[in-house]
Amino acid sequence: MLVDNEQILEALWETVYMTGVSFAFSLLIGFPLGILLVVTRRGHLLQNEAVFKVLNVIINIFRSVPFIILMVAIIPLTRLIVGTSIGTSAAIVPLVFYAGPYIARLIENSLLEVDKGVIEAAQAMGASPGQIIFRFLIPEALSSLVLALTIAIVGLIGASAMAGAIGGGGLGDLAITYGYQRFDTLVMVLTVAILVVLVQGVQSLGNILSKRVRRS
């Protein structure tokens, strides 16, 4: 095998770093967007069809672009923000643009699962829209939200591996540089195995947390 344990651990850390930081920024963008998509739709708390349609179109545009194309398309913006288009930190920028709209849709779907009777009961008690969102809507959807965000993290792990195709670092870069280009099958198998374990761990943790916060 052409790589040592230190290179593997470094690649693993880079993958975890890219996933964690990009998830945090994506959540900051996607969570409020997801809430807005729900409350501004027709018949909801803050009905505003103009806002809903604009957000809906923008999110659909970003979600329709494959991640590998998105990475290349926003290279100038990545250079402007990070100062370079190569490396682990540079890969975070397209990861955020990729995952932010994705998380918004996941949040939207989870919140739409909440029974309308919960909202109507909150309105009958005189709760304001803000109180309904943060004290009724989100708590009722919490279990579904945890699973949705788990899916988002798993998607980011996969996308971070794809970032290796253009020098983004991480396990994907290790697999391409040493496994594919140098025909080292063992490196390829090892990186895939690590990614599988990583995804299984994240999904299992998400399932456990979802069960714990589920309302009876």
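Cut-offs and rules
Each chain carries its own residue numbering, running from 1 in the written order of its sequence. Local features in this predicted model are restricted to residues whose pLDDT is 70 or higher, and side-chain atom pairs enter the listing and the counts only when it is 80 or higher, whereas totals over whole chains, interfaces and linings include all residues. Excluding hydrogens and water, the side-chain figures rest on all heavy atoms present in the structure. Segments assigned H or I by DSSP are reported as helices when at least four residues long, segments assigned E as strands when at least two residues long, and all are numbered from the N terminus. Contact between two residues is taken to exist if any of their heavy atoms lie within 4.5 Å; hydrogens are not considered. The charged-residue count follows a simple rule in which Lys and Arg add positive charge and Asp and Glu add negative charge, with His and chain termini not counted at all. Taken as the charge centre is NZ of Lys, CZ of Arg, CG of Asp or CD of Glu, depending on the residue. Definition used for salt bridges: Asp or Glu carboxyl oxygen within 4 Å of a side-chain nitrogen of Lys or Arg. Throughout this description, buried means an accessible area under 20% of the type-specific maximum (1.4 Å probe, protein chains only), exposed means over 50%, and partly exposed covers the range between. Cavities and pockets were defined on a 1 Å grid built over protein atoms only: a cavity is a set of grid points that admits a 1.4 Å probe from which the probe cannot escape, a pocket is an open set flanked by protein on both sides within 12 Å along at least five of seven lines, and lining residues are those with an atom within 4 Å of any such point. Grid points are joined across faces, edges and corners, and a volume is the space filled by probe spheres set on the points. Only Asp, Glu, Lys and Arg are considered charged, only Ala, Val, Leu, Ile, Met, Phe, Trp, Tyr, Cys and Pro nonpolar, and every remaining residue, Gly among them, polar. For a helix, the expected span equals 1.5 Å multiplied by the number of residues minus one. The term bend refers to the angle at a residue between two fitted axes, each drawn through seven residues, those ending there and those starting there. UniProt positions are given in the numbering used here, feature names are shortened, and annotations may be inferred rather than shown by experiment. Pairing of aromatic rings covers Phe, Tyr and the six-membered ring of Trp, with a centre-to-centre limit of 6.5 Å; geometry is then stacked below 30 degrees between planes, edge-to-face above 60, and tilted otherwise. Every angle, taken between N-to-C directions, lies between 0 and 180 degrees, and every axis is a line fitted to C-alpha atoms, over only the stretch in contact when it is a helix. Relative orientations are named as follows: roughly parallel for angles under 35 degrees, roughly antiparallel for angles over 145 degrees, roughly perpendicular for angles from 65 to 115 degrees, and oblique for any other angle. We call a crossing left-handed when the near helix sits turned anticlockwise from the far one by less than a right angle, and right-handed when that turn is clockwise.

Peer 1: Break down the overall build of the protein for me, citing the residues and quoting the values.
Peer 2: The number of helices and strands found in the protein is 10 helices and 0 strands. Traced from its N-terminal end to its C-terminal end, the protein shows the element sequence α-α-α-α-α-α-α-α-α-α. Taking the principal axes of the C-alpha coordinates as reference, the protein spans close to 65 × 40 × 25 Å. Expressed as a percentage of contacts within the protein between residues at least 6 apart in sequence, the contacts between residues at least 24 apart total 73%. Each charge class in the protein can be summarised by its mean position, and for the 13 positive and 12 negative side chains these summaries are 11 Å apart.

Peer 1: Account for the pattern of salt bridges, naming residues and giving values.
Peer 2: Scanning the model with the defined rule gives 4 salt bridges in all. A salt bridge links Arg-41 to Glu-108, with the shortest nitrogen-to-oxygen separation between them at 2.3 Å. In this pair, Arg-41 sits in the loop between helix 1 (5–39) and helix 2 (49–64) while Glu-108 sits in helix 5 (residues 88–112), placing the two residues 67 residues apart along the sequence. On the accessibility criterion, Arg-41 (22% relative accessible area) is partly exposed. One salt bridge in this structure joins Arg-42 and Glu-49, with 3.2 Å as the shortest N-O distance. When salt bridges that share partners are traced, they join Arg-41, Arg-105 and Glu-108 into one network.

Peer 1: An account of empty space enclosed by the protein is needed here, citing residue identities and associated values.
Peer 2: One pass over the full model with this rule turns up 1 cavity of 30 Å³ or more. Taken together, Met-71, Ile-75, Thr-78, Ser-85, Ile-86, Gly-87, Ala-90, Ala-91, Pro-94, Ile-166, Gly-167 and Gly-168 make up the full set of residues lining the largest cavity. Elements that contribute at least two residues to the lining of the largest cavity include exactly helix 4 (75–82) and helix 5. The element best represented in the lining of the largest cavity is helix 5, accounting for 3 residues. In the lining of the largest cavity, the residues fall into 7 nonpolar, 5 polar and no charged.

Peer 1: I'd love a proper account of helix 1, names of residues and values included.
Peer 2: Over its 35 residues, helix 1 runs 50 Å from end to end, which matches the ideal 51 Å to within 8%, given 1.5 Å per residue. Along helix 1, the helix axis deviates most sharply at Leu-27, where the bend reaches about 30°.

Peer 1: Describe the UniProt feature "transmembrane region" (unreviewed entry) in the protein, with residues and values.
Peer 2: According to UniProt, the "transmembrane region" (unreviewed entry) feature falls on residues 20–39, 51–74, 80–100, 145–166 and 186–209. Taken end to end, residues 20–39 is 100% helix and 0% strand, and its first and last C-alpha atoms sit 28 Å apart. As annotated, residues 80–100 comprises 76% helix and 0% strand, and the C-alpha atoms at either end are separated by 19 Å.

Peer 1: I'd like a description of the packing of aromatic side chains, backed by residues and values.
Peer 2: Tallied over the entire structure, the rule returns 4 aromatic pairs. Summarising the aromatic geometry, the rings of Trp-13 and Tyr-17 are spaced 6.1 Å apart at their centres and angled 35° between planes, so their arrangement reads as tilted. Of this pair, Trp-13 and Tyr-17 both sit in helix 1, 4 residues apart, which is roughly one turn of the helix. Ring plane angle 35° and centroid distance 5.8 Å describe the contact between Phe-62 and Phe-97, whose orientation is recorded as tilted. With Phe-62 in helix 2 and Phe-97 in helix 5, this pair connects stretches of sequence that are 35 residues apart. Aromatic ring contacts, followed pair by pair, group Phe-67, Tyr-98 and Tyr-102 into a single cluster.

Peer 1: Can you break down the packing of helix 4 against helix 5 residue by residue, with the values?
Peer 2: Running from N to C, helix 4 and helix 5 point in directions that differ by 125°, and their axes come no closer than 9 Å. Classified by the angle their axes make, helix 4 and helix 5 are oblique. Where helix 4 crosses over helix 5, the handedness of that crossing is right-handed. Residues Leu-77, Thr-78, Ile-81 and Val-82 of helix 4 form the contact with helix 5, whose own contacting residues are Ser-89, Ala-90, Val-93, Pro-94 and Phe-97. Of the residues in the contact of helix 4 with helix 5, the class split is 7 nonpolar, 2 polar and no charged.

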